[in-house]
Each structure stands twice: as structure tokens, then as C-alpha cells.
Amino acid sequence: GAGRGRLPWHVATVAAGTTALAAGLGAARVPRRRGGSQRVAAVAGATWLALSSDFALRRIAAGPPQPVEWVRMATTSVLIPPVALWQRLSGRRRHRGASAWPPPVRAVLFDRDGTLVVDVPYNTDPGLVQARPHAREALDLLRCNGMRVGVVTNQSGVGRGTISGADLAAVNGAVEEQLGPFDTWQVCRHTPEAGCACRKPGPALVLAAARELGVRPEECVLVGDIETDLLAARAAGARSVLVPTSETLAREVADAPVVATDLLGAAHLVLEGAL
């Protein structure tokens, strides 16, 4: 019932109580200064009592109206301020030098098919590569603001034998021709049945991209169009943004932590620190 954020009041309470005790001990030990010390002790003690009483009354007012509860609230209201202050100070000491959490985003990773470009199943023709709306604009905005950008994509067609290595390279080259260069490409070439460690929704592609870019996974955002992308980001400890398409399930949109209407909107979310 006392509300949150009372640490400044706890600091004042502890300071008043400590001053009262120190002044009282000083009066007992140094007789010639007894008068001044006693006055300081009286003022500090009255301040401590007022602050402690206010804290206790706020908690008692929340109920229930039972004498045993009043005693419990009064007792713990005396104990909470020094314990709260000690907890804060010891926490700051243990975690000195730690940076804010979550850390700033330094890299944005993208799914390829359905996110950066229109999904053409098992595409082997660079001429069929078509950028999604605002893809180049979003990527240029991120690059201009110092973000590293990369692609993490499942390409099971290679494992199935329907896409050759040369085909994959040609299509990826066409993506870069339309959207500009990427700082890393991470591709899983295995089929789902292969049971590999790299295929999304596993974290390996995201982790490999982070290593190559020289950033931590928690400094990455993965932008994708289906749940598999979001799960891969979560498994790696990265953040994620869903940019739905007509193929995205309504359940996936509802379950996504962050949703953007298009890639430019996703880029703005990243740069505004909204993730």
C-alpha cells in the first residue's frame, strides 16, 4: 500500500537514524559536547520516527485491519529501509561496470524469401528476384545509421538437389544487386529431415552471423515473416521483428513480440530503440 519507488525516502530514513545514533553516542562519550549532540540526536531521531511512521501508516492503511498485522507492518517498516538501501548498494557493487540491458542494437539480420524478396519456392532464376516493398529504403536507412546488416536463410532446395550451389550464388547475387551489399550471409543448405544444427528455428545461423559481424547475439535483431524466424532469434538470445505477408498465419502475428507493417517500419523501430 505504500507504493513503489520509495528508495529516496529509505535513504533519508537511514540517514536520520544513523545520525541520531551517532549523535547519541557522541553525547555519551564527549561530555563537553553533550548539549549540541543531544539536540542533533533529538532532531534526527524525530525525523527518523516521522519517516518510519509515515511508511508504516501507508502500509497499515492497505489492510487488513487486524492488530497482529499492525504490529507486523510497524516492525517491518523499521527494517525495510536499511535492508533496501543495503540491497541497492551491494547490487551496484556486484554489477559495477555493467551496461544497460538490453544493449543497443548493432546488427540487423534478415530472412531472405518472403522478407527481403518475394518468395519464389526453390528459385534458381536470378531474373525472378523481386524486392519486397521498401526493402532497399529500409536497408539504406540502417546502413546510413551505422548498422551492420546480414541475411540468415534456410535453403533446403540445395539439400534436395533442386538448387545447385551456382544457382544459390546467382540468386543471392541478384538480391545484392537490388538491395545493396550485406555484411554476412548465413545459409542452411540442409533439408528438414537432415536434422542439422543450423536450420532455423535453431539458433546457429544467428549465432554465426553475430560472430562474423563481431557483435553479441543480444545486440542483433532478426527481421522475418514467419514464426520460424522469431524462434531462431529467441533461441539465440536476439530480438526479433515480424513483418507479415499473406503467407503469415494470424496466430504468428498474434504471438509475435513486435510487428511492423513493412521493412521500413521495422528499420524505424530498430533505430528508435523500440525493441
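Notes on the structure in this doc start here. (Residues numbered from 1 in each chain as written. Predicted model: local features only at pLDDT ≥ 70, side-chain atom pairs only at ≥ 80, totals over all residues. Heavy atoms only, no water.)

**Let's talk about the environment of I60**
Next up, step 1: Structurally, I60 can be placed in helix α2 (residues 34–61).
Next up, step 2: Given the relative accessible area of 22%, I60 is considered partly exposed.
Next up, step 3: Along the primary structure I60 and G173 are separated by 113 residues, whereas in three dimensions their C-alpha atoms are 69 Å apart.
Next up, step 4: Filtering out sequence-adjacent residues up to four positions away, I60 remains in contact with W70 and M73. (Helix = DSSP H or I, 4+ residues; strand = E, 2+ residues; numbered from the N terminus. Buried < 20%, exposed > 50% of the residue type's maximum accessible area, 1.4 Å probe, protein only. Contact = heavy atoms within 4.5 Å.)

**Focus on the pairing of strand β1 (residues 107–110)**
Next up, step 1: Because side chains alternate across β1, one face comprises the buried residues A107 and L109, and the other comprises V108 and F110, equally buried.
Next up, step 2: Pairing geometry for β1 and strand β2 (residues 148–154), over 4 bridges, is parallel. Note on β2: the bridge partner recorded for A107 is R148.
Next up, step 3: With respect to chirality, the unit in which β1 leads through helix α4 (residues 135–144) into the neighbouring parallel β2 is right-handed. (Pairing = 2+ DSSP bridges. Right-handed = clockwise from strand over helix to strand, strands pointing away.)

**With respect to the packing of aromatic side chains**
Next up, step 1: All told, the structure shown has 1 aromatic pair when counted by the stated rule.
Next up, step 2: Directly above the aromatic system of F55 lies the positively charged group of R59, at a separation of 5.4 Å from the ring centroid.
Next up, step 3: Note that R143 overlies the ring of F182, its terminal NZ or CZ placed 5.5 Å from the centroid. (Phe/Tyr/Trp six-rings, centres within 6.5 Å; stacked < 30°, edge-to-face > 60°. Lys NZ or Arg CZ within 6 Å of the ring centre and 35° of its normal.)

**With respect to the sheet that holds strand β5 (residues 239–242)**
Strand pairing in a sheet takes place through backbone hydrogen bonds and is either antiparallel or parallel in direction.
Next up, step 1: Here 5 strands make up an open sheet; going across it, the order is β3-β2-β1-β4-β5 and the pairing parallel. Each edge of the open sheet is held by one strand with a lone partner, namely β3 (184–188) and β5. Between one strand axis and the next, the sheet turns by 20° as a mean value, whatever way the strands run.
Next up, step 2: Here 4 bridges tie β1 to strand β4 (residues 220–224), and the two strands are oriented parallel to one another. Across the sheet, residue A107 finds its bridge partner in β4, namely C220.
Next up, step 3: Sheet strands touched by helix α8 (residues 227–236): β2, β4 and β5. Its angle to β5, the strand with the most contacts, is close to 170°. (Axes fitted to C-alpha atoms, helices over the stretch in contact; angles between N-to-C directions.)

**What about the packing of α4 against helix α10 (residues 263–271)?**
Next up, step 1: For the pair α4 and α10, interaxial distance at closest approach is 8 Å and the crossing angle is 15°. As far as their axial angle goes, α10 and α4 are roughly parallel. Viewed along their axes, α4 and α10 form a crossing whose handedness is left-handed. Contacts from A135, E137, A138, L141 and L142 in α4 reach L263, L264, A267, H268, V270 and L271 in α10.
Next up, step 2: Here the residues of the contact of α4 with α10 are counted per class, giving 9 nonpolar, 1 polar and 1 charged. (Parallel < 35°, antiparallel > 145°, perpendicular 65-115°, else oblique. Left-handed = near helix turned anticlockwise from the far one by under 90°. Nonpolar A, V, L, I, M, F, W, Y, C, P; charged D, E, K, R; others polar.)

**Points about α8**
Next up, step 1: Those residues of α8 that fall on the buried side of the exposure criterion are D229, L230, A232, A233 and A236. End-on view of α8: buried residues confined to an arc of 160°, all on one side of the axis.
Next up, step 2: Of the surrounding secondary structure, the elements contacted by the buried residues of α8 are α7 (204–213), β4 and β5. (Arc of directions from axis to C-beta.)

**Focus on the environment of L263**
Next up, step 1: Mapping L263 onto the fold places it in helix α10.
Next up, step 2: A sequence separation of 26 residues divides L263 from G237, and the C-alpha atoms of the two residues are 22 Å apart.
Next up, step 3: Residues contacting L263, with those up to four places away along its chain left out, are F110, T115, L116, R132, P133, H134, A135, A138, V223 and V243.

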